[in-house]
Every structure is written in structure tokens, then in C-alpha cells.
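# Descriptive structure summary
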Amino acid sequence: MFRMEIAVFFVFAGVVAVIFYRTLRRAKVKKRGKIIDTYGFPVTVSERVREKYPHLTDEDMKQVISALREYFHVCNAANQKMVSMPSQVVDVAWHEFILFTKKYDSFCRIALGRFLHHTPAEAMQTPTLAQEGIKRAWNISCQRAGISPSAPAQLPLLFAIDSQLKIPDGFKYALNCKGEGGSGYCASHIGCGSGCSGHSGSDSDGCGGGGCGGD
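This section reports on the structure supplied with the text.

### Topic: the nonpolar core
Counting 50 residues, the largest nonpolar core has Leu56, Tyr71, Phe72, Val89, Trp94, Leu116 and Phe159 as the members making the most contacts within it. Of all the secondary-structure elements, those providing two or more residues to this core are α2 (43-52), α3 (58-77), β1 (83-85), α4 (88-98), α5 (101-111), α6 (127-145) and α7 (157-164). Ignoring anything within four residues of it in the chain, the contact list for Leu56 reads Val49, Arg50, Met61, Val64, Val89, Leu165 and Ile167.

Printed below as a string of C-alpha cells:
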């Protein structure tokens, strides 16, 4: 009887600990999310992005910066797991922000709790790691946008912005790849098997997407 009571106690303590951890984590994610929403990115970031993509308007650049915030929100929600970058234009903005080394380091520490490294797909340990990163980006992006990851009615911002802004070297995603002539990446296939990798361009399955990751 005594042993049973001890076992019940440890089970109860374990449940309480899990609930406490999750509550604490939700509060931390929410607090950091507010920092991400209100952070003022250097104006030069937008200027340098427009040097690479001169067709972008002021309104377009506002959308790019919003998408950069969204990527950091996704990383914030990923619990320090690697998140692949679904957008080429946002990746350029991210890279330009990193060049402000002190500001970027400070932002990462207060908004993410760690330094977020910019890891090209070629430097990731395995293709599977890149695929897991893009799946994670997809699932969290869909969750934040209220979209079903398995049956999306629309693309979340990070997966839609390159096409919307007509980025020449951008990553293109489609809800229905057959309807798009098989070009780009198929959003509904992002969670498919291990034969897909996370590099730029098209592959035969229409899976993958994203050229860099943050870990």
C-alpha cells in the first residue's frame, strides 16, 4: 500500500511539473512575442533588400519586414528546434539584419533567449534535418495563421510572400501542384517522406523548400 502511495505521488508530481513547465514556457513565448512585434529593425535592412530587388515598393518592404518578424515568431515557438527559411526575400532581409552584429545579438538574446544562427541548407548535417526544419516552419506558420497544415485553404505569409512579390529567385509554393503544372513546391506535400530535401529549386515530388535554417 505504501509503495502504491509513493508511486501515485511521483506520478502526480510529474504531471504537476509538466503543467508548470508548459505554463512557464507559454508565458515566456508570449513575452518574447511582444518584443518581436515591437522591435525596430534598422532602416538599412529594407534599403539593402531593395538594392537586390529594386521592383519592391515601400508597401512591399513593409510586408517583407512583417514576414521577417513572422519567421522570428516561428523560431520563438519552435522551442529551440531548427526552423528552415521558406522565403528567399525574407532570408535576404534576415542576412542583412545579421550584419548589424551587436543589434542582432541583442535582439536574439531578448526575443529568442539565444543567438539564432543562420545555417545554409548545404551546411546542415543531413537532408532530413533540412526537411524537418521546413515541416516545422510549415506547421507552426499554419497554426499561427489558423490554417490546416494537412488541408490548407491558403498559404501562410512566409510561404506565400516570394510569389506575391514576384521575387525572381524566390521559393514558389502551390496548394495544388497538379494545377500549377508541377512547378515549385507543393504545400500539401511538405510533410511527406524522407526523399525530400530542403534546397532551392524544384524536385520531382514537389516537396521540400527553404534554403537556410535557424538553430
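Picking up after the structure, the text goes on.
### Side note on the packing of α2 against α4
Running from N to C, α2 and α4 point in directions that differ by 135°, and their axes come no closer than 9 Å. Classified by the interaxial angle, the pair formed by α2 and α4 is oblique. Pair α2 / α4 crosses with right-handed handedness. Along its contact with α2, which presents Val45, Arg48, Val49 and Lys52, the element α4 presents Val89, Val92, Ala93, Glu96 and Phe97. Class assignment of the residues belonging to the contact of α2 with α4 gives a composition of 6 nonpolar, no polar and 3 charged.

### Focus on unusual backbone geometry
Despite not being glycine, Asn79 shows a phi value in the positive range, around 55°. Mapped onto the fold, Asn79 is located in the loop between α3 and β1. Asn79 sits in the partly exposed class, given a relative accessible area of 36%. Although it is not a glycine, Gln80 sits at a positive phi angle of roughly 65°.

Each value, and the rule that gives it
Residues numbered from 1 in each chain as written. Predicted model: local features only at pLDDT ≥ 70, side-chain atom pairs only at ≥ 80, totals over all residues. Heavy atoms only, no water. Core = buried A, V, L, I, M, F, W, Y, C linked by side-chain atoms within 4.5 Å. Buried < 20%, exposed > 50% of the residue type's maximum accessible area, 1.4 Å probe, protein only. Helix = DSSP H or I, 4+ residues; strand = E, 2+ residues; numbered from the N terminus. Contact = heavy atoms within 4.5 Å. Axes fitted to C-alpha atoms, helices over the stretch in contact; angles between N-to-C directions. Parallel < 35°, antiparallel > 145°, perpendicular 65-115°, else oblique. Left-handed = near helix turned anticlockwise from the far one by under 90°. Nonpolar A, V, L, I, M, F, W, Y, C, P; charged D, E, K, R; others polar.

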